[in-house]
Amino acid sequence: GESVGLHLPTLSVQEGDNSIINCAYSNSASDYFIWYKQESGKGPQFIIDIRSNMDKRQGQRVTVLLNKTVKHLSLQIAATQPGDSAVYFCAENRAYGNEKLTFGTGTRLTIIP
Amino acid sequence: DTAVSQTPKYLVTQMGNDKSIKCEQNLGHDTMYWYKQDSKKFLKIMFSYNNKELIINETVPNRFSPKSPDKAHLNLHINSLELGDSAVYFCASSQVNGETQYFGPGTRLLVL
């Protein structure tokens, strides 16, 4: 079946280091992807998005990479801070027929002081 | 100045009761959503409304009934609550269906 999945359920990174969170998707028709951050006790918060006509997009300390050939999405966070500790979700919009976001299972990122 | 707000934040109730969760957005968005997040953090869409019209209705028991009195509000009523309904329910909104969604703080429902 179609799915949006993550390779690693948990990730621990030393403060100040860079982190990479990966996401695999299986629907080649998806044309829009979003990364969300969910801190404990809060709702998911938009971080960055990318469309399928791009392979890289940068924000403040974050970069999203899209590899359509292998249906892979990644979120890079530079110079991690304690406030980056959260669960990170990728989501895809499957463009044809059913316009909705489908979320991956999430990766818990822990920043070690 | 909350963009998407939900009430209540916590809801503890007995099995068999009926309860409602309210959601309001002040972003001027046309589309609103309800999601259920289970204990493993998996987010699953339940419903979405566009300009008060139901456009997505996932496989959800008919004990769950959404209602949108206007495009800034989307409420969720749950009849005959069951233990398995315990979860965090998130409301979200977006300007365009399927595009970037902004989430509320969640309602933590515990059915005893």
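Higher on the page you've got the structure.
Only a predicted model underlies this, so the values are computations on that prediction, with no experimental measurement involved.

Colleague: Which residues make up the side chain of Ser74 of chain A, and what values go with them?
Modeller: Relative to the helices and strands, Ser74 of chain A is located in strand 8 (residues 72-77). Non-local contacts of Ser74 of chain A, meaning those with residues more than four positions away in its chain, are made with Ile20, Ile21, Asn22, Trp35, Thr63, Val64 and Leu65 of chain A.

Colleague: Describe the state of the cysteines, and please don't skip the residues or the numbers.
Modeller: Counted by the stated rule, this structure contains two disulfides over all chains. Paired by a disulfide, Cys23 of chain A and Cys90 of chain A hold their sulfur atoms 1.8 Å apart. On the sign convention where negative is left-handed, the bridge of Cys23 of chain A and Cys90 of chain A, at about 45° about the S-S bond, is right-handed. Remark: Cys90 of chain A occurs in strand 9 (residues 86-94) and Cys23 of chain A occurs in strand 3 (residues 19-25); sequence separation between them is 67 residues. Between the sulfur atoms of Cys23 of chain B and its disulfide partner Cys91 of chain B the distance amounts to 1.8 Å. Between Cys23 of chain B and Cys91 of chain B, the S-S dihedral sits near -75°, and the bridge is therefore left-handed. One end of the pair, Cys23 of chain B, is in strand 3 (residues 19-25); the other, Cys91 of chain B, is in strand 9 (residues 87-94), with 68 residues separating them in the sequence. The burial state of Cys23 of chain B is the same as that of Cys91 of chain B; both residues are buried.

Colleague: Before we move on, could you go through the packing of aromatic side chains and cite the residues and values that matter?
Modeller: All chains considered together, the criterion is met by 11 aromatic pairs over all chains. Measuring from ring centre to ring centre gives 6.4 Å for Tyr36 of chain A and Phe46 of chain A, while their planes differ by 80°; the resulting arrangement is edge-to-face. Taken together, the positions of Tyr36 of chain A in strand 4 (residues 30-38) and Phe46 of chain A in strand 5 (residues 45-51) put the pair 10 residues apart, joining distant regions of the chain. Seen in terms of ring centroids, Tyr36 of chain A and Phe103 of chain B are 5.4 Å apart; in terms of plane orientation they differ by 85°. Their pairing is edge-to-face. Separated into two different chains, Tyr36 of chain A in strand 4 and Phe103 of chain B in strand 10 (residues 102-103) make up a pair that spans both. The exposure class of Phe103 of chain B is buried, given its relative accessible area of 11%. Three or more aromatic residues link up through ring pairs in this structure, and these residues are Tyr36, Phe46, Phe89 and Phe103 of chain A together with Tyr33, Tyr35, Phe90 and Phe103 of chain B.

Conventions we followed
- Residues numbered from 1 in each chain as written.
- Chains lettered and ligands numbered in written order.
- Predicted model: local features only at pLDDT ≥ 70, side-chain atom pairs only at ≥ 80, totals over all residues.
- Heavy atoms only, no water.
- Helix = DSSP H or I, 4+ residues; strand = E, 2+ residues; numbered from the N terminus.
- Contact = heavy atoms within 4.5 Å.
- Disulfide = S-S within 2.5 Å.
- Buried < 20%, exposed > 50% of the residue type's maximum accessible area, 1.4 Å probe, protein only.
- Phe/Tyr/Trp six-rings, centres within 6.5 Å; stacked < 30°, edge-to-face > 60°.

The quantities given are spatial measurements derived from coordinates; they are silent on function.
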